[in-house]
Amino acid sequence: MSDKAVKHFIGGSYTAGTSGKLFQDINPVDGSVICDVHEGLKPEVDAAVTAAQQALRGPWGKMTIEERVAILYNVADGINARFDEFLEAECMDTGKPKSLARHIDIPRGAANFKAFAEVIKNEPTEAFSMATPDGAGALNYALRTPKGVIAVISPWNLPLLLMTWKVGPALACGNTVVVKPSEETPLTTSLLGEVMNEAGVPAGVFNVVNGFGPDSAGAYLTEHPDVDAITFTGETTTGTAIMKAAAVGMRDVSMELGGKNPAIIFADCDMDKAIEGVMRSVFANCGQVCLGTERVYVERPIFDEFVARLKQGAKGLKLGVPNDDAANMGPLISKEHQGKVLGYYALAKELGANIITGGGVPDMDDTLSGGAWVEPTIWTGLGDDSAIMREEIFGPCCHISPFTEEDEVIIRANDTVYGLACSIWTENLSKAHRVAGQIESGLIWVNSWFLRDLRTPFGGSKQSGIGREGGVHSLEFYTEMRNICVKL
Ligand code: NAD
Ligand code: 6OD
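All values reported here derive from a predicted model rather than from experimental measurement.

Trainee: Would you explain the site of ligand 2 in this entry?
Mentor: Near ligand 2 the following residues occur: R108, N157, L158, L162, W165, V289, C290, L291, F450, R452 and F458. Separating an oxygen atom of ligand 2 from a side-chain N or O atom of N157 is a distance of 2.8 Å. Relative to its unbound accessible area of 300 Å², ligand 2 is 99% covered by the protein chains. By residue class, the composition of the shell around ligand 2 is 8 nonpolar, 1 polar and 2 charged. Each of domain 1 (8-257 + 464-487) and domain 2 (261-453) contributes no fewer than three residues to the shell around ligand 2.

Trainee: Just checking my understanding: could you explain the sheet that holds strand β6 (residues 138-146) for this structure?
Mentor: Strand-to-strand pairing in sheets goes through backbone hydrogen bonds, with the strands running parallel or antiparallel. Reading across from one edge, β5-β6-β22 is the order of the 3 strands in this open sheet, with antiparallel pairing throughout. Each edge of the sheet is formed by a strand with only one pairing partner; in this case those strands are β5 (127-130) and β22 (479-487). Sheet twist, expressed as the average angle between the axes of neighbouring strands with direction ignored, equals 25°. Bridging between β6 and β22 involves 9 bridges; their strand directions are antiparallel. Residue pairing across strands places A138 opposite K487, the latter belonging to β22.

Trainee: Where do I start with the site of ligand 1 in this structure?
Mentor: Neighbouring ligand 1 are 29 residues; K180, E183, T238, L257 and E392 lie closest to it. Here ligand 1, which alone exposes 850 Å², has 92% of that area covered by the protein. Taken together, the elements giving at least two residues each to the shell around ligand 1 come down to α9 (217-223), β10 (229-233) and α10 (236-247). Looking at the shell around ligand 1 residue by residue, the classes come out as 15 nonpolar, 9 polar and 5 charged.

Trainee: Would you mind going over helix α17 (residues 471-478) with me for this structure?
Mentor: Along an α-helix, residues three or four positions apart point the same way, because every turn accommodates 3.6 residues. Within α17, the full set of buried residues consists of G471, S474, L475, F477 and Y478. Axial view of α17: buried residues confined to an arc of 165°, hence all on one face.

Trainee: Just to check I follow, could you spell out the packing of aromatic side chains for this structure?
Mentor: The way to describe two aromatic rings as a pair is by their centre distance and the angle between their planes. A full pass over the atoms with the stated rule returns 10 aromatic pairs. Ring centres of F23 and F212 lie 4.7 Å apart, and the angle between their planes is 55°; this geometry places the pair in the tilted category. In this pair, F23 is assigned in strand β3 (residues 22-26) and F212 in the loop between β9 (206-208) and α9, connecting sequence segments 189 residues apart. Ring pairing ties together the aromatic residues F9, Y14 and F206, which thus form one cluster. One residue, K147, lies across the ring of F477, its end atom 4.5 Å from the ring centre.

Rules behind the numbers
Residues numbered from 1 in each chain as written. Chains lettered and ligands numbered in written order. Predicted model: local features only at pLDDT ≥ 70, side-chain atom pairs only at ≥ 80, totals over all residues. Heavy atoms only, no water. Near = heavy atom within 4 Å. Polar contact = N/O pair within 3.5 Å; in protein donor to acceptor, adjacent residues only side chain to side chain. Areas by Shrake-Rupley, 256 points an atom, 1.4 Å probe, with all protein chains shown as cover. Nonpolar A, V, L, I, M, F, W, Y, C, P; charged D, E, K, R; others polar. Domains from an automatic or database assignment. Pairing = 2+ DSSP bridges. Helix = DSSP H or I, 4+ residues; strand = E, 2+ residues; numbered from the N terminus. Axes fitted to C-alpha atoms, helices over the stretch in contact; angles between N-to-C directions. Buried < 20%, exposed > 50% of the residue type's maximum accessible area, 1.4 Å probe, protein only. Arc of directions from axis to C-beta. Phe/Tyr/Trp six-rings, centres within 6.5 Å; stacked < 30°, edge-to-face > 60°. Lys NZ or Arg CZ within 6 Å of the ring centre and 35° of its normal.

Here it is, written out as structure tokens:
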């Protein structure tokens, strides 16, 4: 068994565990093996949950909010102090351009600890005085208490950002966590263990078990009876399986799931801004952003111009390796995901879509032939009922359809089982507010996309999720209120 294999992080120490099983972490740029990873099974999950329970009863559970906040600031500073290591690890695992991760993934990894430290520090509590029959009165006040051991199950598309988006508030609220990162991207979560120790986070507060979902660490963790709540980001089908596991023992869940997000482009938009925004929302992170746009609706008078300009933008994208600062896009996460996305590319062709650009595998340097590369792709001509318009593809592609009426486009944008995000592009503020209020999504951007303030509610409608996180909404999930009534 290789000593260099990524280990679990349990009770403040790295451990190989006892499963004796390893899996490979693959670089999506060229298919090479980055390293082996120890797979955790039931014994590793049991050990991590026990460590998390003990830490709750230990110093972490006894700390004041101010002490916890100071430690979370250390964690944020620790990520920033090792910024380049995180950047290197994240880009190796995902293949994404360093220019992207340098501005989004790693800074947000640090910000997630600072932001929720601030939220918990400033959160008021409620108190009510009441009359009692004897005229003495009573005082009620509410205490916000940690939920306990939180299971954090995270995906591969923004590994550090999305994992810390859960771990930050969970720890700020005084919980302890067991994280199961995606099997595709274990590196930055593993590195965070070192930062936690350096920051003074007590052993057992932050635990990591690596592995897969079914019959592996993910399923064992979500089924564990001593896990008090589960927070999950990933596919809707996986979320369904996790909710079933959570039903046993009546554990609370927070679900951030898939999307099939529309962008609505009105003829009175600022075309330059709309093109720039839709380019990002379709192609950033190689289209692997849950909030990304896959359905674009453009008002008829500007349809041809918009299609031509988006095509020009897509053709101008440079695909390249993480170190290539001129690259706009890396590969998809894996050969398996490449197969799925190329399956949709083939289906679009079969269904008779007009392929405006892309639709295949790009010509890359021979050294990258084992990578998961796909072309940025734009289609037109399909009906709203086609699978291309209904199913989440999670690749660098979109379909553009024309529309005529405002009411019509609202109905069409909402005609999906998902409801995560939408962007609306118009210079008419009244129209923007009117349309935004009728879109069945958790997040609606006007003349922007992925503009984030961590105090705002984040989450999806319909099959895109359950619950909201962000700001005080995270406190709602990661704490439980207790009311204390004192007779005066
Ligand atoms: P996924 O559902 O395949 O996997 C997510 C995590 O769940 C991984 O760690 C995986 O190992 C684990 N898992 C799988 N089966 C499990 C099981 N039965 N029990 C416990 N854990 C299990 O998702 P992915 O492919 O990693 O990520 C892409 C998906 O995530 C897309 O659908 C995307 O839209 C969604 N996503 C949503 C948001 C959001 O905020 N709504 C954010 C990012 C990604
Ligand atoms: O910005 C965030 O907090 C967040 N949860 C983003 C999710 C992106 C999905 O891929």
